[in-house]
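# Residue-level structural notes
Next come the chains, spelled out residue by residue.
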Amino acid sequence: MLTPSPEDGLELRIGAQDFQRLRDHLLRDPAREEIAFLLCGRQQAPDGRTALLVREVLEAPPEALDGQSPGHVTVSQDFGRRVLLRGREAGLDVLDAHSHPGAGRARFSAIDHGNEATMAGYVSRRIPGMWYG
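Residues numbered from 1 in each chain as written. Predicted model: local features only at pLDDT ≥ 70, side-chain atom pairs only at ≥ 80, totals over all residues. Heavy atoms only, no water.

### Comments concerning the pairing of strand E3 (residues 50–59)
Burial runs high along E3: seven of the ten residues are buried. Bridge analysis of strand E1 (residues 10–13) against E3 gives four bridges, and the strand direction is parallel. Looking at E3, one finds that Leu10 is bridged to Thr50. Bridge count between strand E2 (residues 35–44) and E3: nine bridges; the pairing is antiparallel. Its bridge partner lying in E3, Gly41 is registered against Leu53. (Buried < 20%, exposed > 50% of the residue type's maximum accessible area, 1.4 Å probe, protein only. Helix = DSSP H or I, 4+ residues; strand = E, 2+ residues; numbered from the N terminus. Pairing = 2+ DSSP bridges.)

### Section: the nonpolar core
One finds Ile35, Phe37, Val75, Phe79, Val83, Leu84 and Val94 to be the most contacted residues of the largest nonpolar core, which totals 18 residues. Residue assignment for this core shows that the elements contributing at least two residues are E2, strand E5 (73–75) and helix H2 (77–90). Not counting residues within four places of it along the chain, the set of residues in contact with Phe79 comprises Phe37, Glu59, Ala60, Pro61 and Ala64. Counting eleven residues, the second-largest nonpolar core is a separate cluster that includes Leu10, Leu22, Cys40 and Val57. (Core = buried A, V, L, I, M, F, W, Y, C linked by side-chain atoms within 4.5 Å. Contact = heavy atoms within 4.5 Å.)

### A word on the side chain of Ser76
Take Ser76: it is sitting in the loop between E5 and H2. Exposure remark for Ser76: the relative accessible area of 13% places this residue in the buried category.

### Let's talk about the packing of aromatic side chains
Following the criterion strictly, the structure yields one aromatic pair and no others. When the centroid spacing of 6.1 Å and the interplanar angle of 55 degrees are considered together, the rings of Phe37 and Phe79 count as tilted. Separated by 42 residues along the polypeptide, Phe37 in strand E2 and Phe79 in helix H2 bring together distant segments of the chain. Judged by its relative accessible area of 8%, Phe79 is buried. (Phe/Tyr/Trp six-rings, centres within 6.5 Å; stacked < 30°, edge-to-face > 60°.)

### Structural notes on H2
With 14 residues, H2 should reach 20 Å at 1.5 Å per residue; the first-to-last C-alpha distance of 20 Å fits that figure. Buried within H2 we find Phe79, Gly80, Val83, Leu84 and Gly87. Projection of H2 onto a plane perpendicular to its axis shows the buried side chains occupying an angular sector of 135 degrees, all on one side. Facing away from the buried side of H2, by more than 90 degrees, are the exposed residues Gln77 and Glu89. Two residues or fewer past H2, Gly91 is found with a positive phi of approximately 70 degrees. (Expected span 1.5 Å × (residues − 1). Arc of directions from axis to C-beta.)

### Side note on the pairing of strand E4 (residues 65–68)
Put simply, side chains in a regular strand alternate between the two faces of the sheet. Strand direction decides the pairing type here: E4 and E5, joined by three bridges, are antiparallel. Within the sheet, the bridge partner assigned to Leu65 lies in E5 and is Val75. What sits between E4 and E5 in their antiparallel hairpin is a turn of four residues.

### Focus: helix H1 (residues 16–26)
Listed in full, the buried residues belonging to H1 are Leu22, His25 and Leu26. Buried residues along H1 cover an arc of 95 degrees about the axis, so they all sit on one side. With respect to the buried face of H1, the exposed residues turned more than 90 degrees away are Ala16 and Gln17. On its buried face, H1 is in contact with E2, E3 and strand E6 (93–98).

Spelled out as structure tokens, the structure:
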């Protein structure tokens, strides 16, 4: 699982338009979690730090969701597979971003950590070299 932070020498860079699009999608329904995926390239800086550069934002439309509530969001297996294949074909890493409506300050939940670790393990076995977070 990737949790970008300056302390780890890993950072996420996203353009203003992509950030606004992501923000608008994630916050469109204040009563339910929303999810989107970021396809990212990697850039190694001379100081050894790695930056993930967002190349594309893939919003999960309502029909791609298997479940959605104030406390969870689940994408369909088909949609998730399409996102991973798109990332693999483009040689990009995949990050998921989802909202926690009404949670106040954003933070990872225990469910997030468990689900992300499972997904990252699956991706590393199925698509060697791809990072998932």
